[in-house]
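Remarks on the overall topology
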Amino acid sequence: MSLLKTEPAGTVTSLEELFAIAAAMEHEAATRYAEIAGRMRQEGSPALAEVFERLSADEQGHLDGVVHWSQKTKGRDPDPARIRWELPETFDDEGAATTDPQLLGAYRALSMAVRNEERAFAFWSYVAAHAEAPEIQRAAETMAHEELGHVATLRRERRKAFHAERGQQRTGPMVEDGGPDLAALEQRLADLLAPLAAKASPQEGARLKGFADEARQYAQELEQTPIAVPGARPVGTLPDDPVALAELLTDRYLEAGDTLRDEEALGRVQALAGRAIARLAWLRADLPELHRP
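In this text, all values refer to a predicted model and were calculated from it rather than measured experimentally. (Residues numbered from 1 in each chain as written. Predicted model: local features only at pLDDT ≥ 70, side-chain atom pairs only at ≥ 80, totals over all residues. Heavy atoms only, no water.)

Let's talk about the overall build of the protein chain
A tally of helices and strands in the protein chain yields 8 helices and 0 strands. Shown N-terminal to C-terminal, the secondary structure of the protein chain runs as helices and strands in the order α-α-α-α-α-α-α-α. Counting across all 293 residues of the protein chain, residues that qualify as buried make up 46%. Within the protein chain, counting contacts between residues at least 6 apart in sequence, those at least 24 apart form 81% of the total. (Helix = DSSP H or I, 4+ residues; strand = E, 2+ residues; numbered from the N terminus. Buried < 20%, exposed > 50% of the residue type's maximum accessible area, 1.4 Å probe, protein only. Contact = heavy atoms within 4.5 Å.)

Thoughts on the nonpolar core
Generally speaking, nonpolar side chains in soluble globular proteins are found buried as a group. In this structure, L18, W124, L193, I227, Y253 and L283 are the most contacted members of the largest nonpolar core, which totals 60 residues. Looking at this core, the elements with two or more residues in it are α1 (15-42), α2 (46-74), α3 (101-130), α4 (134-166), α5 (182-199), α6 (202-224), α7 (242-259) and α8 (263-290). Dropping the residues within four chain positions of it, W124 is found in contact with L18, I21, A22, M25, A140, M143, A144 and E147. Within the second largest apolar cluster, 20 residues are counted, among which are M40, F52, A109 and V114. (Core = buried A, V, L, I, M, F, W, Y, C linked by side-chain atoms within 4.5 Å.)

Points about the pattern of salt bridges
For the structure shown, the criterion picks out 13 salt bridges. Among the ionic pairs, D213 bridges to K209, the shortest N-O distance being 2.8 Å. In this pair, D213 and K209 are both assigned in helix α6, 4 residues apart and thus about one turn of the helix distant. Put simply, D213 and R216 hold a salt bridge, and the shortest N to O gap is 3.3 Å. Of the two residues, D213 and R216 both sit in helix α6, 3 residues apart, roughly one turn of that helix. (Salt bridge = Lys/Arg side-chain N within 4 Å of Asp/Glu carboxyl O.)

Re the environment of E221
For E221, the location among the structural elements is in helix α6. Sequence spacing of E221 and A183 is 38 residues, and the spatial spacing of their C-alpha atoms is 7.8 Å.

Quick word on the packing of α5 against α6
The description of two packed helices rests on the angle between their axes and on the distance between the axes. Their axes nearest at 8 Å, the elements α5 and α6 cross at an angle of 160 degrees. In terms of orientation, α5 and α6 fall into the roughly antiparallel class. By crossing handedness, the relation of α5 to α6 is classed as left-handed. Where α5 approaches α6, its residues L182, A183, E186, Q187, L189, A190, L193, A194, L196 and A197 are matched on the opposing element by G205, L208, K209, F211, A212, A215, R216, Y218, A219, L222 and E223. Split by residue class, the contact of α5 with α6 holds 15 nonpolar, 2 polar and 4 charged. (Axes fitted to C-alpha atoms, helices over the stretch in contact; angles between N-to-C directions. Parallel < 35°, antiparallel > 145°, perpendicular 65-115°, else oblique. Left-handed = near helix turned anticlockwise from the far one by under 90°. Nonpolar A, V, L, I, M, F, W, Y, C, P; charged D, E, K, R; others polar.)

What about the environment of A212?
Mapped onto the elements of the fold, A212 is located in helix α6. Sequence-distant contacts of A212, that is, excluding residues within four places in its chain, are made with A190, L193 and A194.

Structural measurements only, silent on function.
Here you go:
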């Protein structure tokens, strides 16, 4: 399952090509965010301009890291000529470049950035899964891990922006002391998806059943070996919307990844976070066409 609009047209066959692709992706994001920042300033929205300037600076920092990695490993900067096929779309400004700044806001801008990082994570996960050479697989997994970290950081910034814009309201379900743990949340998601799978077309039904089975498996594993999320308050009332629940689970796994220090537990929760991001992106995009409460 991929978050990408189209699958990559080829496979990565060398580290030089991998570095060139990574540099191209980071350069595009840095450039596009800078262009949007410039427009926000022209439109008289300095606060929004600062958000996009920070996003551009972050992407430039990621680009500098790729260049340094390439220089250290191969003794040269990434070479765009090494890219042999057209890259799938991983950056989408979602209309931010033309939207009235009064209708945009920091929360929406950061939500767009989150989705871009999720697509980049999906791309590198795909590259790693299809790599034939171990060194390429390891490098792609490193890139995917980096993108997952960017997702977690941007989600934190998005939560701050939400509270700044709307006071103490919360996205998704409200939380309060007491309530279910991660295992119960995964089981609840399985219970919501299973009946939808029975009503969907054979292809979509198989996908939903796969998600339900996966969530049920995670619930069993988390019951046997729980993962604590330090500082996170349990959910008081479980949502009936599977997308909202998948969003909550994604945030919880990322929150756990931010705080865990045990290497084995951290690796486990990062794997769960990666699957949760992929699951959320598919449900967010395709589930409304099937059924939404």
